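Here is what each chain is made of, one letter per residue.
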Amino acid sequence: SSGINAEYGGREDVDSAENELMSLTLMEPKDNMVKAVDTDTILKVGEEEWRQVEDQFRAEVCKVPSYQSIRISSVEKPNATKQNQLRSSFSVRCNALRDPDLRIRLYYCGGKAGTLHRILKEGFQPRDMVAGDYGVGLYFTQNPVRAMQYSEPGLLLQCEVGIGMAESVLKMDQNRNRPPVGYDSVLTGDRNVDHVGIYSHQRHNELQYLIFDSTQAIPIYLVYFNI
(Lines give C-alpha, C1' and ligand atoms only; values in the text may rest on other atoms or scores of the structure.)
Protein backbone atom coordinates (compact mmCIF):
# COMPACT_ATOMS: atom_id res chain seq x y z
CA SER A 1 0.00 0.00 0.00
CA SER A 2 2.81 2.41 0.89
CA GLY A 3 4.46 1.51 -2.42
CA ILE A 4 1.33 2.40 -4.35
CA ASN A 5 0.96 5.68 -2.50
CA ALA A 6 4.55 6.57 -3.20
CA GLU A 7 4.15 5.88 -6.91
CA TYR A 8 0.95 7.86 -7.43
CA GLY A 9 1.49 10.52 -4.78
CA GLY A 10 -1.27 9.46 -2.38
CA ARG A 11 -4.68 7.77 -2.15
CA GLU A 12 -6.41 10.70 -3.82
CA ASP A 13 -4.27 10.28 -6.94
CA VAL A 14 -4.95 6.54 -6.97
CA ASP A 15 -8.71 7.16 -6.89
CA SER A 16 -8.36 9.75 -9.65
CA ALA A 17 -6.42 7.34 -11.86
CA GLU A 18 -8.97 4.56 -11.25
CA ASN A 19 -11.85 6.90 -12.09
CA GLU A 20 -10.15 7.98 -15.29
CA LEU A 21 -9.57 4.36 -16.28
CA MET A 22 -13.22 3.55 -15.52
CA SER A 23 -14.32 6.50 -17.68
CA LEU A 24 -12.21 5.35 -20.60
CA THR A 25 -13.52 1.80 -20.24
CA LEU A 26 -17.12 2.98 -20.33
CA MET A 27 -16.44 5.10 -23.43
CA GLU A 28 -14.87 2.26 -25.38
CA PRO A 29 -18.08 0.69 -26.76
CA LYS A 30 -19.20 4.09 -28.02
CA ASP A 31 -15.89 4.59 -29.85
CA ASN A 32 -16.17 1.12 -31.33
CA MET A 33 -19.66 1.89 -32.64
CA VAL A 34 -18.36 5.00 -34.37
CA LYS A 35 -15.57 3.00 -35.97
CA ALA A 36 -18.01 0.30 -37.05
CA VAL A 37 -20.18 2.87 -38.81
CA ASP A 38 -17.15 4.35 -40.57
CA THR A 39 -15.91 0.97 -41.75
CA ASP A 40 -19.29 0.19 -43.35
CA THR A 41 -18.15 2.29 -46.31
CA ILE A 42 -14.90 0.37 -46.79
CA LEU A 43 -14.99 -2.74 -48.98
CA LYS A 44 -13.43 -5.86 -47.54
CA VAL A 45 -10.41 -7.12 -49.44
CA GLY A 46 -11.26 -10.17 -51.50
CA GLU A 47 -15.05 -9.89 -51.34
CA GLU A 48 -16.96 -10.00 -54.61
CA GLU A 49 -17.60 -6.26 -54.79
CA TRP A 50 -13.90 -5.57 -54.18
CA ARG A 51 -12.88 -8.04 -56.90
CA GLN A 52 -15.20 -6.42 -59.43
CA VAL A 53 -13.64 -3.01 -58.80
CA GLU A 54 -10.13 -4.47 -58.92
CA ASP A 55 -10.75 -6.50 -62.10
CA GLN A 56 -12.06 -3.49 -63.98
CA PHE A 57 -9.18 -1.33 -62.75
CA ARG A 58 -6.48 -3.91 -63.53
CA ALA A 59 -7.90 -4.75 -66.95
CA GLU A 60 -7.11 -1.23 -68.14
CA VAL A 61 -4.00 -0.49 -66.09
CA CYS A 62 -2.23 -3.68 -67.18
CA LYS A 63 -2.46 -2.59 -70.81
CA VAL A 64 0.39 -0.20 -69.96
CA PRO A 65 3.46 -2.35 -69.12
CA SER A 66 5.09 0.25 -66.88
CA TYR A 67 1.94 0.44 -64.71
CA GLN A 68 1.45 -3.28 -64.11
CA SER A 69 2.89 -3.01 -60.60
CA ILE A 70 0.08 -0.69 -59.45
CA ARG A 71 -2.15 -2.33 -56.86
CA ILE A 72 -5.38 -1.26 -55.15
CA SER A 73 -4.89 -0.79 -51.41
CA SER A 74 -8.43 0.21 -50.39
CA VAL A 75 -11.85 0.96 -51.85
CA GLU A 76 -14.39 3.27 -50.22
CA LYS A 77 -18.01 3.76 -51.18
CA PRO A 78 -20.58 6.38 -50.19
CA ASN A 79 -22.76 6.03 -47.12
CA ALA A 80 -25.79 3.91 -48.08
CA THR A 81 -28.35 6.55 -47.09
CA LYS A 82 -26.61 9.29 -49.05
CA GLN A 83 -26.06 6.99 -52.01
CA ASN A 84 -29.78 6.28 -52.19
CA GLN A 85 -30.51 10.01 -52.18
CA LEU A 86 -27.97 10.66 -54.93
CA ARG A 87 -29.22 7.76 -57.02
CA SER A 88 -32.78 9.03 -56.78
CA SER A 89 -31.79 12.42 -58.24
CA PHE A 90 -29.55 10.67 -60.77
CA SER A 91 -32.39 8.44 -61.97
CA VAL A 92 -34.72 11.41 -62.42
CA ARG A 93 -32.07 13.20 -64.48
CA CYS A 94 -31.24 10.14 -66.58
CA ASN A 95 -34.91 9.50 -67.33
CA ALA A 96 -35.00 12.92 -68.96
CA LEU A 97 -32.09 12.08 -71.30
CA ARG A 98 -32.66 11.16 -74.94
CA ASP A 99 -31.30 7.69 -74.20
CA PRO A 100 -32.12 7.06 -70.51
CA ASP A 101 -30.52 3.61 -70.49
CA LEU A 102 -27.05 4.68 -71.57
CA ARG A 103 -25.37 4.86 -68.17
CA ILE A 104 -21.79 3.65 -67.86
CA ARG A 105 -19.11 3.50 -65.19
CA LEU A 106 -16.26 5.89 -65.83
CA TYR A 107 -13.34 7.41 -63.95
CA TYR A 108 -13.53 11.08 -63.02
CA CYS A 109 -10.81 13.22 -64.58
CA GLY A 110 -9.90 15.62 -61.84
CA GLY A 111 -9.90 16.44 -58.20
CA LYS A 112 -7.53 16.83 -55.30
CA ALA A 113 -7.90 14.53 -52.29
CA GLY A 114 -10.22 16.84 -50.37
CA THR A 115 -12.47 17.35 -53.39
CA LEU A 116 -12.68 13.63 -54.16
CA HIS A 117 -13.63 12.79 -50.57
CA ARG A 118 -16.29 15.52 -50.56
CA ILE A 119 -17.77 14.29 -53.83
CA LEU A 120 -17.88 10.74 -52.50
CA LYS A 121 -19.83 11.90 -49.45
CA GLU A 122 -22.01 14.61 -50.99
CA GLY A 123 -22.11 13.97 -54.72
CA PHE A 124 -21.15 16.28 -57.58
CA GLN A 125 -22.07 19.93 -57.36
CA PRO A 126 -22.02 22.80 -59.87
CA ARG A 127 -18.80 24.09 -58.29
CA ASP A 128 -17.05 20.92 -59.47
CA MET A 129 -17.35 21.98 -63.10
CA VAL A 130 -13.95 22.65 -64.65
CA ALA A 131 -12.95 24.69 -67.69
CA GLY A 132 -11.32 22.26 -70.12
CA ASP A 133 -10.37 22.33 -73.77
CA TYR A 134 -13.83 21.23 -74.88
CA GLY A 135 -15.95 23.19 -72.45
CA VAL A 136 -16.95 23.80 -68.85
CA GLY A 137 -18.27 20.64 -67.23
CA LEU A 138 -17.31 17.30 -65.75
CA TYR A 139 -14.85 15.11 -67.67
CA PHE A 140 -14.76 11.29 -67.45
CA THR A 141 -12.87 8.45 -69.13
CA GLN A 142 -13.02 4.66 -69.27
CA ASN A 143 -9.26 4.48 -68.82
CA PRO A 144 -7.98 4.79 -65.22
CA VAL A 145 -4.47 5.58 -66.47
CA ARG A 146 -5.85 8.57 -68.33
CA ALA A 147 -7.80 9.69 -65.26
CA MET A 148 -4.62 9.48 -63.17
CA GLN A 149 -3.23 12.38 -65.14
CA TYR A 150 -5.84 14.70 -63.67
CA SER A 151 -6.41 13.24 -60.21
CA GLU A 152 -4.64 13.28 -56.88
CA PRO A 153 -1.79 10.71 -56.99
CA GLY A 154 -2.96 7.44 -55.48
CA LEU A 155 -6.69 8.24 -55.74
CA LEU A 156 -9.31 7.66 -58.42
CA LEU A 157 -13.04 8.27 -58.28
CA GLN A 158 -15.17 5.79 -60.20
CA CYS A 159 -18.63 7.05 -61.10
CA GLU A 160 -21.80 6.11 -62.89
CA VAL A 161 -22.47 8.62 -65.64
CA GLY A 162 -25.61 9.22 -67.65
CA ILE A 163 -24.32 9.65 -71.19
CA GLY A 164 -27.61 9.68 -73.05
CA MET A 165 -27.04 10.74 -76.65
CA ALA A 166 -23.41 11.80 -77.05
CA GLU A 167 -22.12 13.98 -79.87
CA SER A 168 -18.53 13.43 -80.99
CA VAL A 169 -16.72 16.76 -81.00
CA LEU A 170 -13.21 17.37 -82.33
CA LYS A 171 -13.18 21.16 -82.25
CA MET A 172 -11.99 22.60 -78.97
CA ASP A 173 -14.16 25.26 -77.36
CA GLN A 174 -13.38 26.27 -73.79
CA ASN A 175 -16.55 28.36 -73.60
CA ARG A 176 -18.92 25.48 -74.36
CA ASN A 177 -21.30 25.08 -71.41
CA ARG A 178 -24.03 22.85 -72.82
CA PRO A 179 -24.23 19.88 -75.19
CA PRO A 180 -25.10 20.45 -78.85
CA VAL A 181 -28.79 20.68 -79.69
CA GLY A 182 -30.34 17.22 -79.68
CA TYR A 183 -27.65 15.67 -77.46
CA ASP A 184 -27.04 15.06 -73.74
CA SER A 185 -23.24 14.94 -73.57
CA VAL A 186 -20.08 15.33 -75.59
CA LEU A 187 -17.48 12.74 -76.57
CA THR A 188 -14.29 14.76 -76.84
CA GLY A 189 -11.01 14.34 -78.63
CA ASP A 190 -7.73 14.29 -76.73
CA ARG A 191 -7.11 17.28 -74.49
CA ASN A 192 -4.06 18.82 -72.92
CA VAL A 193 -2.95 17.83 -69.44
CA ASP A 194 -2.53 20.89 -67.23
CA HIS A 195 -2.34 18.93 -63.96
CA VAL A 196 1.16 18.37 -62.61
CA GLY A 197 0.46 14.82 -61.43
CA ILE A 198 2.81 11.88 -61.50
CA TYR A 199 1.45 10.72 -64.86
CA SER A 200 1.14 14.11 -66.56
CA HIS A 201 4.29 13.47 -68.62
CA GLN A 202 2.65 10.46 -70.28
CA ARG A 203 0.46 10.76 -73.34
CA HIS A 204 -2.62 8.57 -73.61
CA ASN A 205 -4.85 9.63 -76.46
CA GLU A 206 -8.07 8.51 -74.84
CA LEU A 207 -11.44 10.02 -75.63
CA GLN A 208 -13.31 11.57 -72.75
CA TYR A 209 -16.96 12.14 -72.00
CA LEU A 210 -18.06 15.62 -71.00
CA ILE A 211 -21.34 16.36 -69.21
CA PHE A 212 -22.73 19.74 -68.22
CA ASP A 213 -25.13 18.80 -65.42
CA SER A 214 -23.74 17.79 -62.02
CA THR A 215 -26.75 15.51 -61.34
CA GLN A 216 -25.88 13.46 -64.43
CA ALA A 217 -23.17 11.54 -62.53
CA ILE A 218 -22.90 9.93 -59.11
CA PRO A 219 -19.82 8.67 -57.23
CA ILE A 220 -19.60 4.88 -56.82
CA TYR A 221 -16.14 4.13 -55.42
CA LEU A 222 -13.08 6.03 -54.30
CA VAL A 223 -10.15 3.79 -55.22
CA TYR A 224 -6.88 4.05 -53.30
CA PHE A 225 -3.89 2.53 -55.05
CA ASN A 226 -0.18 2.08 -54.50
CA ILE A 227 2.30 3.21 -57.10
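In this report, we go over the structure that sits alongside the text. Think of each chain on its own: its residues are numbered from 1, step by step along the sequence as written. This being a predicted model, a pLDDT of at least 70 is required before a residue's local features are given, and a value of 80 or more before pairs of side-chain atoms are given or counted; all residues contribute to the totals for chains, interfaces and linings. Here the side-chain values reflect all heavy atoms present in the structure, with hydrogen atoms and water set aside.

**Regarding the side chain of S185**
With respect to the helices, strands and loops of the structure, S185 is situated in strand β7 (residues 185-188). Any pair of nitrogen or oxygen atoms within 3.5 Å is treated as a polar contact; in protein, a donor-acceptor pairing is required on top of that, and neighbouring residues in sequence qualify only through side-chain atoms on both sides. A polar contact is formed between the side chain of S185 and the backbone oxygen of I163, at a distance of 2.8 Å. Note on definitions: a residue-residue contact is assigned when non-hydrogen atoms from the two residues lie within 4.5 Å. What S185 contacts, discounting residues up to four positions off in sequence, is I163, M165, A166, E167, P179, P180, L210, I211 and Q216. For helices the rule is a DSSP run of H or I covering at least 4 residues; for strands it is a run of E covering at least 2, with both sets numbered from the N terminus onward.

**Here we look at helix α5 (residues 113-122)**
Accessibility here uses a 1.4 Å probe with only protein chains present; expressed as a share of the type maximum, an area under 20% marks a residue as buried, one over 50% as exposed, and anything in between as partly exposed. Those residues of α5 lying buried are L116, R118, I119 and L120. At its buried positions, α5 is contacted by β1 (71-76), β2 (103-108), β5 (155-162) and β9 (217-226). Taken from the residues just after α5, G123 is the one with a positive phi, measuring 90°.

**Notes on helix α3 (residues 48-61)**
End to end, α3 covers 20 Å across 14 residues, agreeing with the expected 20 Å (1.5 Å per residue, within 8%). Looking at the packing, one finds that the buried side of α3 touches β1, β2, α6 (144-148), β5 and β9. The span one expects for a helix is its residue count, reduced by one, times 1.5 Å.

**Considering the environment of L106**
Among the structural elements, L106 can be located in strand β2. By relative accessible area, which is 0% here, L106 ends up buried. In sequence terms L106 and T141 are 35 residues apart; their C-alpha atoms lie 5.4 Å from each other. Once residues within four sequence positions are removed from consideration, L106 is found in contact with F140, T141, Q142, L157, Q158, C159, V161, I163 and Y209.

**Looking at the pattern of salt bridges**
Any Lys or Arg side-chain nitrogen located within 4 Å of an Asp or Glu carboxyl oxygen qualifies as a salt bridge. If you walk through the whole model with that rule in mind, you get 7 salt bridges. A salt bridge links K63 to E60; the shortest N-O distance between them is 3.4 Å. A salt bridge links E76 to K121; the nearest nitrogen and oxygen atoms lie 3.9 Å apart. Of this pair, E76 sits in strand β1 while K121 sits in helix α5, placing them 45 residues apart in sequence.

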